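# Coordinates in review
Each chain, written out:
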Amino acid sequence: MKISKLEIKEFRHLKNLEFDFTYPSDYKDQKKAGKPLEKICFIGQSATGKTNLLELIYDHVFNFMNLETVNNEFIYESRVFLKKTYVKIDLLIDNRKLVYDNEQIIFDEKIFDYSISGGIITPLVPYDKKRNIIYFKSDLISEKNLDLFTKNPINLIEGNKVESNKTDRFNLERTDEYGLLFNNNVSSDLWIFLLAEILEYRKKFNQKMSELIHKGLLANQKRLSEEFGKWQIENPNTLEKFAEIFNPILKRLNLEVDIVDTEYSIPIRNKITDKIIPIQSASTGTKGLLLTILPLYQLNTDNTMILMDEPERSLYPDMQMDLIDYYQSLAPNAQFIIATHSPFIAASFEPEERFILYFDEKGKVKVRRGNSPIGDDPNDMLKNDFGVNYYNKHGKEAYQTYLSLKQKIANEENSKKKKELLLQMVKLGDDYNF
């Protein structure tokens, strides 16, 4: 499932905008030419509408995935509010095209009108083609969402129904509605759902250790180790699997998932002090990483859409530079749609994948494609795509001084004085990287 086009006639303050989310016909990789973008980046000043675009896409795709038909001829009227928006959206669902154009739905070249009549109700998109659209909002990091991660796994197991048939991470699907919204108030049930593998292992671990202790093996460490070793071969530590995914990015923060500690469901250890850090005491960036990486690791993201608003929040630039590649490694077959203020995040996208929102001379929002190549210097990115002069008044003054020195050197005839001016210019150039 991927979005390929979006036309907005009117949505909130956005009017008459067109987005072509496909690789151009002359794209360097001809295998991708004309196909939907693998990732999309929205850039723009505050109030240009980046978050509005994410919300528009989420709301509509969520409803498309949950639309029902009457006798496979009409769209069931329960989703009538879709008719109140003035947009056109093209989606590709397993090579079948879905087009929504104001009051009309076209799926696989068949037109569906709206109806309130009775009949056989079936889903518009077949169940085996349905996918969750996943939206991580910018307010994701909240005390409510972190609460479960501060509790002891035993208490979570005893206080919640943890079902073993939900522990296969490739089958973690919501069967009631196809859409997952990760905002500041995610339900505890969903977090338990995502922690099910880890909690299930902890439950079995405690039961096995209790069994071995009751057999009197505490005094026989060799036999205890042998029997536990045999059990662990058949019951691998699921937290260890998650640690293999999470630790590479935590390493930059001198942190790692501790697979031995039993105080928390996902214990984070400071590698320098060798102490477990309660998640509420971790940095804001670490909290955000945990709350996004766990869902991406556990959910089936194959052929789905993943929306993220400001993924750079509270992360140092060196981590921002590699963040999108890291997320893509967790969900390689998903289409990512990102809204950002960070040139480091934007540099992870091809210019064809960047869409810059800006105000024209009349104050209306317009859109253009990016200019800077992927991986470009953040300063060039700021200038070319963000439209920002990255020098403040002090930098501008220094640059004018640099130009003035350059002119003086060209006109100076005294060799000693010329050398002094040259040294001043070189030092200033080194300081400011002119």
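Residue numbers restart at each chain and count upward from 1, following the sequence in its written direction. The predicted nature of this model means local features are confined to residues of pLDDT at least 70 and side-chain atom pairs, given and counted, to a pLDDT of 80 or more, with totals for whole chains, interfaces and linings taken over all residues. Side-chain numbers here rest on the full set of heavy atoms in the structure, without hydrogens or water.

## Section: the overall build of the protein
Each helix is a run of H or I in the DSSP string that is no shorter than four residues. Each strand is a run of E no shorter than two, and both are numbered from the N terminus. On a plain count of helices and strands, the protein comes out with twelve helices and 19 strands. Projected onto its principal axes, the C-alpha coordinates of the protein cover approximately 95 × 70 × 40 Å. Three labels apply to residues, based on accessible area from a 1.4 Å probe with only protein chains included: buried if under 20% of the type maximum, exposed if over 50%, partly exposed otherwise in between. Counting across all 434 residues of the protein, residues that qualify as buried make up 47%. In the form shown here, the protein has an accessible surface area of approximately 22,300 Å², with 47% of it arising from carbon and sulfur atoms. Note on areas: Shrake-Rupley, 1.4 Å probe, and residue coverage restricted to the protein chains presented here.

## Overview of the packing of helix 7 (residues 284-298) against helix 8 (residues 317-330)
Comment: axis = line fitted to C-alpha atoms, over the contacting stretch for helices; angle = value between 0 and 180 degrees taken between N-to-C directions. Relative to each other, helix 7 and helix 8 sit at 20 degrees, their axes nearing to 10 Å. In terms of orientation, helix 7 lies roughly parallel with respect to helix 8. Note that helix 7 runs across helix 8; the crossing there is left-handed. On the side of helix 7, the interface is formed by Leu289, Thr292, Ile293 and Leu296, while helix 8 contributes Met319, Leu323, Tyr326, Tyr327 and Leu330. Residues are grouped as follows: Ala, Val, Leu, Ile, Met, Phe, Trp, Tyr, Cys and Pro are nonpolar; Asp, Glu, Lys and Arg are charged; every other residue, Gly included, is polar. Split by residue class, the contact of helix 7 with helix 8 holds eight nonpolar, one polar and no charged. The cut-offs work like this: below 35 degrees is roughly parallel, past 145 is roughly antiparallel, 65 to 115 is roughly perpendicular, and the gaps in between are oblique. Rotating anticlockwise by less than a right angle from the far helix to the near helix defines a left-handed crossing, while the corresponding clockwise rotation defines a right-handed one. In this description, contact between two residues means that some pair of their heavy atoms is separated by no more than 4.5 Å.

## Notes on helix 4 (residues 188-214)
To get the bend at a residue, fit one axis to the 7 residues ending there and another to the 7 starting there, then take the angle between the axes. A bend of about 60 degrees at Ala196 is the largest found in helix 4. Note on helix 4: the residue one or two positions beyond its end, Gly216, has a positive phi of about 80 degrees.

## So, the nonpolar core
To define a nonpolar core, start from buried Ala, Val, Leu, Ile, Met, Phe, Trp, Tyr and Cys residues and group those joined through side-chain atoms within 4.5 Å. By size, the foremost hydrophobic cluster in this structure holds 63 residues, and its most contacted members are Phe182, Phe246, Ile266 and Tyr327. Examining the composition of this core, we find that eight residues originate from one element, helix 4, more than from any other. Residues within four places of Tyr327 in sequence aside, it is in contact with Leu289, Thr292, Ile293, Leu296, Met308, Pro311 and Phe336.

## Details of the environment of Ile105
On the secondary structure map, Ile105 appears in strand 8 (residues 104-107). Through-space distance from the C-alpha of Ile105 to that of Phe74 is 9.4 Å; in sequence the pair is 31 residues apart. If we skip the residues at most four places from it in the chain, Ile105 touches Phe64, Leu67, Ile75, Val99, Tyr100, Lys110, Ile111, Phe112, Tyr114 and Leu124.

## Remarks on the confidence of the model for the protein
Confidence scores per residue from the predictor, reported as pLDDT, run from 0 to 100. Overall, the predicted model of the protein reaches an average pLDDT of 89, with 94% of residues at or above 70. Segment residues 164-175 is flagged for pLDDT under 50; beyond a separation of four residues in sequence, or across chains, it makes 24 contacts in the model.

## Notes on the sheet that holds strand 1 (residues 2-11)
Strands were regarded as paired on the criterion that DSSP finds at least two bridges between them. Taking strand neighbours across the sheet as the criterion, the nine strands line up as 2-1-6-7-8-9-5-4-10 in an open arrangement whose pairing is mixed. Where the open sheet ends on each side, the last strands, each with one partner, are strand 2 (14-20) and strand 10 (121-123). Adjacent strand axes in the sheet meet at a mean angle of 25 degrees when their direction is disregarded. Sheet topology note: the strand 4 (residues 68-70)/strand 10 ladder contains three bridges and is antiparallel. Bridge pairing in strand 10 places Glu68 opposite Pro123.

## Some points on the packing of helix 6 (residues 238-250) against helix 7
With their axes 11 Å apart at the nearest point, helix 6 and helix 7 run at an angle of 140 degrees to one another. Two packed elements cross with a definite hand, and for helix 6 against helix 7 that hand is right-handed. In this structure, helix 6 uses Lys241, Phe242, Ile245, Phe246, Ile249 and Leu250 to contact helix 7, whose residues at the interface are Thr286, Leu289, Leu290, Ile293, Leu294 and Tyr297.

## Section: the side chain of Asp261
Tracing the backbone shows Asp261 in the loop between strand 13 (255-257) and strand 14 (268-270). For the purpose of counting charges, residues Lys and Arg are taken to be positive, whereas Asp and Glu are taken to be negative. His and the chain ends are not included. By convention in these notes, a salt bridge is any Lys or Arg side-chain nitrogen within 4 Å of a carboxyl oxygen on Asp or Glu. This buried residue, Asp261, is left without a salt bridge; Arg202 holds the nearest opposite charge, at 6.5 Å. The residues contacting Asp261, other than those within four sequence positions of it, are Arg202, Pro267 and Ile276.

## Points about the pairing of strand 7 (residues 96-101)
On a regular strand, one side chain projects to one face of the sheet and the next to the other, so that they alternate. Sheet topology places strand 6 (residues 86-93) next to strand 7; six bridges connect them, and they run antiparallel. For Leu92, the partnering residue across the bridge sits in strand 7 and is Lys97. Between strand 6 and strand 7, which pair antiparallel in sequence order, lie two residues; one of them, Asp94, sits at a positive phi of approximately 50 degrees. Taken together, the four bridges between strand 7 and strand 8 define a ladder with antiparallel strand orientation.

## Quick word on unusual backbone geometry
A negative phi holds for most residues other than glycine; trans holds for most peptide bonds. The phi dihedral of Glu109 is positive, around 70 degrees, even though this residue is not glycine. Within the secondary structure layout, Glu109 lies in the loop between strand 8 and strand 9 (110-115). The phi torsion at Asn303 lies on the positive side, around 60 degrees, for a residue other than glycine. As for its position among the elements, Asn303 is in the loop between helix 7 and strand 16 (305-309).

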